[in-house]
Amino acid sequence: MVGVGIDGARGGWVRITYDSISLCLTISEKLEDLLIEGAVHFVDMPKDLGSIDKPDRTCDAWMRSQLKERKSSIFTPPIQNVLMETSYADANAKSRELVGKGISKQAWNLVPRIREFQTVTEADVYESHPEVCFAVMTGNEARYSKKTEAGELERIELLRRYSNSSPWKWKMSNVQVDDIIDACMLAVAAYEAGTTGMVTHPDQTEGAPFVAVPKTKER
């Protein structure tokens, strides 16, 4: 069993694989090149989006409910109806026209990654979120921001329960340390989901956008 965690980065996509022993790092410009047959993949990127009729994603509300201090890490993606606009200004204006609210610049900057993720049709590739997976696997959300030294150490402490590998020690100009740690968290979570069980919120049979996480640990 292999768990795969994937996060978007400035230089493309960051992939970590986890096989119960090692956390292995790969960087690629194309998401498709990072998929592994038979593995469970958790990707830190929105995939299925809201629509004019239902712009707010239930899965975003659920993820925020799992976090208090870290809920700002759950950003609201654009609706599907503006995804093919060619500029932030056009997408923002169209979103305001269609659903009465615009989109953030952060959300727009991820649109190329979202478009690419939407081309993936494999059944074992799921949207997930590292902060939510941390909360599920430990029973509590992270105390510190991942952008701080304390936050890095907090997340590494959890990862050390699974592996002695340290892929975040690699120095790369186009990939941040927190991108690698996020991908590690997702890889471990995907492995847990593949071996001990996975749940989605909402249930993926409902036909709405959903996120996948490992089964909740006893709190």
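Residues numbered from 1 in each chain as written. Predicted model: local features only at pLDDT ≥ 70, side-chain atom pairs only at ≥ 80, totals over all residues. Heavy atoms only, no water.

By the naming in an unreviewed UniProt entry, the protein chain goes by DUF429 domain-containing protein and is assigned to Exiguobacterium aurantiacum.

K.L.:
In this structure, what is going on with the sheet that holds strand 3 (residues 23-28)? I would like to understand it.
P.N.:
What holds strands together in a sheet is hydrogen bonding between their backbones, with the strands either parallel or antiparallel. Sheet architecture is open: five strands sit in the order 3-2-1-4-5, paired in mixed fashion. The open sheet terminates on both sides in strands that have one partner only, identified here as strand 3 and strand 5 (125-127). Along the sheet, successive strands turn relative to each other by an average axial angle of 25°, direction set aside. As paired strands, strand 1 (residues 3-9) and strand 4 (residues 40-44) are joined by five bridges and run parallel to one another. Within strand 4, the residue paired with G5 across the bridge is F42. (Pairing = 2+ DSSP bridges. Helix = DSSP H or I, 4+ residues; strand = E, 2+ residues; numbered from the N terminus. Axes fitted to C-alpha atoms, helices over the stretch in contact; angles between N-to-C directions.)

K.L.:
Whenever I open this one, the nonpolar core confuses me. Can you help?
P.N.:
Across soluble globular proteins, you tend to see nonpolar side chains buried next to one another. Residues I16, F42, V132, M137, W168 and I180 are the most contacted members of the largest nonpolar core, which totals 43 residues. Secondary structure elements with two or more residues in this core: strand 2 (12-18), strand 3, strand 4, helix 1 (58-65), helix 5 (130-138), helix 6 (149-159), helix 7 (177-196) and strand 7 (211-214). Considering every element that reaches this core, the biggest residue donor is helix 7, with 12 residues. If you look at the next biggest cluster of nonpolar residues, it comprises 21 residues, including W13, L34, M45 and I103. (Core = buried A, V, L, I, M, F, W, Y, C linked by side-chain atoms within 4.5 Å. Buried < 20%, exposed > 50% of the residue type's maximum accessible area, 1.4 Å probe, protein only.)

K.L.:
Teacher, can you tell me more about helix 1 here?
P.N.:
Given 3.6 residues per turn, any residue in an α-helix points the same way as the ones three and four places further on. Taken together, the buried positions of helix 1 are occupied by C59, D60, W62 and M63. With its buried residues spanning 160° around the axis, helix 1 presents them on a single face. Elements in contact with the buried residues of helix 1: strand 5, helix 5, strand 6 (198-201) and strand 7. (Arc of directions from axis to C-beta. Contact = heavy atoms within 4.5 Å.)

K.L.:
How should the packing of helix 5 against helix 6 be read in this particular structure?
P.N.:
Two quantities define a packed helix pair, namely the angle between the helix axes and the distance between the axes. Their axes nearest at 12 Å, the elements helix 5 and helix 6 cross at an angle of 55°. Compared by their axis directions, helix 5 and helix 6 come out oblique. Helix 6 is crossed by helix 5, and the crossing has left-handed handedness. Contact residues: E131, F134, M137 and T138 in helix 5; E154, R155 and L158 in helix 6. (Parallel < 35°, antiparallel > 145°, perpendicular 65-115°, else oblique. Left-handed = near helix turned anticlockwise from the far one by under 90°.)

K.L.:
Is there a simple way to explain the pairing of strand 4 in this structure?
P.N.:
In terms of burial, strand 4 is largely enclosed, as five of its five residues are buried. Here strand 4 shows two buried faces, one formed by V40, F42 and D44 and the other by H41 and V43. When strand 4 meets strand 5, the two strands line up parallel, connected through three bridges. Bridge pairing links V43 to E127 in strand 5.

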